[in-house]
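Summary of the model geometry
Chain by chain, the residues:
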Amino acid sequence: MPRTRDQLAERAAQELQDGFYVNLGIGIPTLVANYIPDGMEVTLQSENGMLGMGPFPFEGEEDPDLINAGKQTITALPKTSYFSSADSFAMIRGGHIDLSILGAMEVAENGDIANWMIPGKMVKGMGGAMDLVAGVKRVVVVMDHANKAGQSKVLKRCTLPLTGQRVVTRIITDLCVFDVLPNGEGLSLLELAPGVTADEVAARTEAQWRPAPELKAA
Amino acid sequence: MRKIVPDAQAALDGLLFDGMTIMAGGFGLCGIPENSILALRDSGVKDITAISNNAGVDDFGLGLLLQTRQIKKMVSSYVGENKEFERQYLAGELELEFNPQGTLAERIRAGGAGIPAFFTATGAGTLVAEGKETRVFAEREYVLETGLTADLALVKAWKADEAGNLVYRETARNFNPMMATAGRRCVVEVEEIVPTGSLDPDGIHTPGIYVDRLFVGAFEKRIEQRTVRPRQAAPIPAATGAEV
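So, here is what we can say about the structure in this document.

Thresholds applied
Residues numbered from 1 in each chain as written. Chains lettered and ligands numbered in written order. Predicted model: local features only at pLDDT ≥ 70, side-chain atom pairs only at ≥ 80, totals over all residues. Heavy atoms only, no water. Helix = DSSP H or I, 4+ residues; strand = E, 2+ residues; numbered from the N terminus. Rg over C-alpha atoms; globule rule 2.2 N^0.38 Å. Buried < 20%, exposed > 50% of the residue type's maximum accessible area, 1.4 Å probe, protein only. Contact = heavy atoms within 4.5 Å. Areas by Shrake-Rupley, 256 points an atom, 1.4 Å probe, with all protein chains shown as cover. Lys, Arg positive; Asp, Glu negative; His and termini not counted. Charge placed at Lys NZ, Arg CZ, Asp CG, Glu CD. Core = buried A, V, L, I, M, F, W, Y, C linked by side-chain atoms within 4.5 Å. Pairing = 2+ DSSP bridges. Buried area = accessible area lost by both parts, 1.4 Å probe. Polar contact = N/O pair within 3.5 Å; in protein donor to acceptor, adjacent residues only side chain to side chain. 1 Å grid on protein atoms, 1.4 Å probe; cavity = no way out; pocket = protein on both sides within 12 Å on 5 of 7 lines; lining within 4 Å. Points joined across faces, edges and corners; volume = space filled by probe spheres on them. Salt bridge = Lys/Arg side-chain N within 4 Å of Asp/Glu carboxyl O. Arc of directions from axis to C-beta.

What about the overall build of chain B?
What chain B contains, in helices and strands, is 6 helices and 13 strands. Taking 244 residues into account, the globule formula puts the C-alpha radius of gyration at 18 Å, and chain B, at 19 Å, falls close to it. In terms of overall dimensions, chain B has a C-alpha envelope of 55 × 55 × 40 Å along the principal axes. Sorting the 244 residues of chain B into buried and exposed places 55% on the buried side. When contacts within chain B are restricted to residue pairs at least 6 apart in sequence, those whose partners lie at least 24 apart make up 72%. Summed over all atoms, the accessible surface of chain B reaches about 10200 Å², with 48% contributed by carbon and sulfur. In chain B, which carries 26 positive and 33 negative side-chain charges, the distance between the mean positions of the two groups comes to 2 Å.

Section: the overall build of chain A
From N to C terminus, chain A includes 5 helices and 13 strands. The globule rule puts the C-alpha radius of gyration for 218 residues at 17 Å, and the 17 Å found for chain A is close to it. Across chain A, contacts joining residues at least 24 apart in sequence account for 60% of those joining residues at least 6 apart. Here chain A has roughly 8600 Å² of accessible surface; of this, 50% comes from carbon and sulfur atoms. Counting 19 positive and 27 negative side-chain charges, chain A places the averaged centre of each group 7 Å from the other.

Notes on the nonpolar core
In this structure, Leu40(B), Ile71(B), Met74(B), Phe85(B), Leu152(B) and Val187(B) are the most contacted members of the largest nonpolar core, which totals 35 residues. For this core, the secondary structure elements donating two or more residues are α1 (8–12), β1 (21–24), α2 (34–43), β2 (48–51), α3 (63–67), β3 (71–76), β4 (95–98) and β8 (150–156) of chain B. Grouped together as the second largest cluster of nonpolar side chains are 31 residues, Val133(A), Val168(A), Leu189(A) and Val201(A) included.

Here we look at the sheet that holds strand β7 (residues 113–114) of chain A
Residue and element names in this part refer to chain A. With respect to topology, 3 strands assemble into an open sheet ordered β7-β6-β9, the strand pairing being mixed. If you trace the sheet from one side to the other, it starts and ends with β7 and β9 (154–155), each paired once. Looking at chain direction, strand β6 (residues 106–108) and β9 are connected through 2 bridges and run parallel. Its bridge partner lying in β9, valine 107 is registered against valine 154.

Concerning the interface of chain A and chain B
Contact residues are listed per partner, giving 62 residues for chain A and 60 residues for chain B. Taking both sides of the interface into account, the surface hidden between chain A and chain B amounts to around 5400 Å²; carbon and sulfur atoms contribute 58%. At the boundary of chain A and chain B, one finds 26 residue pairs in polar contact (both at pLDDT 80 or more). Per element, the largest residue contribution to the side of chain A that touches chain B is 5 residues, and it comes from helix α4 (residues 129–135) of chain A.

Brief notes about the sheet that holds strand β9 (residues 159–161) of chain B
Residues and elements named next belong to chain B. An order of β10-β9-β12 is seen for the 3 strands of this open sheet, with the pairing classed as mixed. The open sheet has two free edges, formed respectively by β10 (166–167) and β12 (192–194), since each of these has just one partner strand. Bridge count between β9 and β10: 2 bridges; the pairing is antiparallel. Paired with lysine 159 across the bridge in β10 is valine 167.

Notes on the environment of Ala90(A)
Residue and element names in this part refer to chain A. For alanine 90, the position within the fold is in helix α3 (residues 85–93). Exposure remark for alanine 90: the relative accessible area of 36% places this residue in the partly exposed category. Distance in space between the C-alpha atoms of alanine 90 and glycine 135 is 9.0 Å, their sequence separation being 45 residues.

Describing the layout of surface pockets
Taken as a whole, the second largest pocket spans an internal volume of roughly 460 Å³. In terms of lining residues, the second largest pocket is bounded by 20 residues, among which Gln165(A), Arg166(A), Val167(A), Arg140(B) and Glu141(B) are the most central. Sorting the residues of the lining of the second largest pocket by element identifies α4 and β8 (138–143) of chain A together with β7 (140–146) of chain B as the ones contributing at least two each. Considering each element in turn, the lining of the second largest pocket owes the most residues, 3 residues, to α4(A).

Digging into the pattern of salt bridges
For the structure shown, the criterion picks out 30 salt bridges over all chains. Put simply, Lys132(B) and Glu145(B) hold a salt bridge, and the shortest N to O gap is 3.1 Å. Of this pair, Lys132(B) sits in the loop between β5 (117–120) and β6 (134–137) while Glu145(B) sits in strand β7, and the two are 13 residues apart along the sequence. Classification of Lys132(B) as partly exposed rests on a relative accessible area of 30%. Linked through salt bridges whose partners overlap, the residues forming this network are Arg3(A), Arg11(A), Glu15(A), Arg138(A), Arg170(A), Asp179(A) and Glu191(A).

A short note on the side chain of Thr49(B)
Topologically, Thr49(B) is positioned in strand β2. Beyond its immediate chain neighbours, meaning those up to four positions away, Thr49(B) contacts Met20(B), Thr21(B), Ile22(B), Lys72(B), Lys73(B) and Val75(B).

Some points on the environment of Phe58(A)
Among the secondary structure elements, Phe58(A) is positioned in the loop between β3 (50–53) and β4 (76–82). Leaving out residues up to four positions away in the same chain, Phe58(A) has contacts with Val228(B), Arg229(B), Pro230(B) and Arg231(B).

So, helix α4 (residues 83–90) of chain B
Residue and element names in this part refer to chain B. Within the sequence span of α4, burial applies to Glu84, Phe85 and Gln88. Taken down its axis, α4 places every buried residue within 105 degrees of arc, on the same side. Opposite the buried face of α4, at more than 90 degrees from it, the exposed residues are Lys83 and Leu90. Trailing α4 by a residue or two, glycine 92 shows a phi angle of about 75 degrees, which is positive.

This is how it looks when you write it as structure tokens:
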């Protein structure tokens, strides 16, 4: 059975490590914060200029000066620091963030990612996504395996305008987990979601992949 | 004391002209120069090139200047919250230059610091790199991006002293400090002006040298996405960001 949004977030939370500084994207990646294991210290960065993001405020305690990159009201923690957008992206571009978990419209077998623009349809802008994929040490994509039309989002080559080239290291979908192999060797199937078979992945994936030696069913 | 003026209209007096380039601080509606934007609208100045991370919403922030068609071109990273923006752009009525958010921030920082251009890996191999010089350092491709300056920077800070030293509050800092350095003129609106000497010199975010005119504004501080958690909830909901 394919993973639900929350199960995807729960699986993505396994990418976290104690002491990590992490930037989470919009959508399913946001939910990852709900699954940070007890006792693990993870510090969330918000690219509008905050390190150490706390939970949403209680009603009546919203502060218009304190928002996350999704423009939602949030709270601070004792360890919080604030800084300018230039400092924030120096942190990102300079490789100081350990992990970025992002959604995507398309990912290719060489690690290319497209998640900011549909020509003629969507002109919202890339925000900080291009900086994140270019600068963060490890980029993990969490997304549905197929788009609304049922077509594979895991492709040989992206068809939409790219956010970054060869930047994704791992792809977590509702069906499975792929690693992007170095040197253009394609994808390696690392895990299957509970009840999903390798044949099913084969039928629903456009990209080239091969099973990893340690392939396991979750 | 010489920098302090009564209001936004006085602050902008003599600084505006058609076709000018204006930087406006803020992220979404957080930390935007609300008062100067209203005064800019009332001035009627037109054909503005506006450099700002976002374009406000339809009826607040820079969205007000889109409604009145005073903006000719926007340089931004994300404009998703503004429907009028999308309409004008798709109809060919508005020029648009998208910059990755970190590239935009660094271009402004560089402009204010006298650095004409810099190389960044952000956007390499994407539409952003088209027509730009690229260069390989240590086997990685980088894109040459130019520094940005403006005729006028509109900045919002929390507190100032009479010498123009500024302190920002929480995430309302965002693009404001870099913009303060990158405008040939810099107009700052604050919530409070305190006597010189009462701010901690170690805690000044923007030194007064960058500030030309300063006034105390009245702020609506509109919240774009009011998000709360119930008081009784056991699990703490996620409060995390988007690539916006």
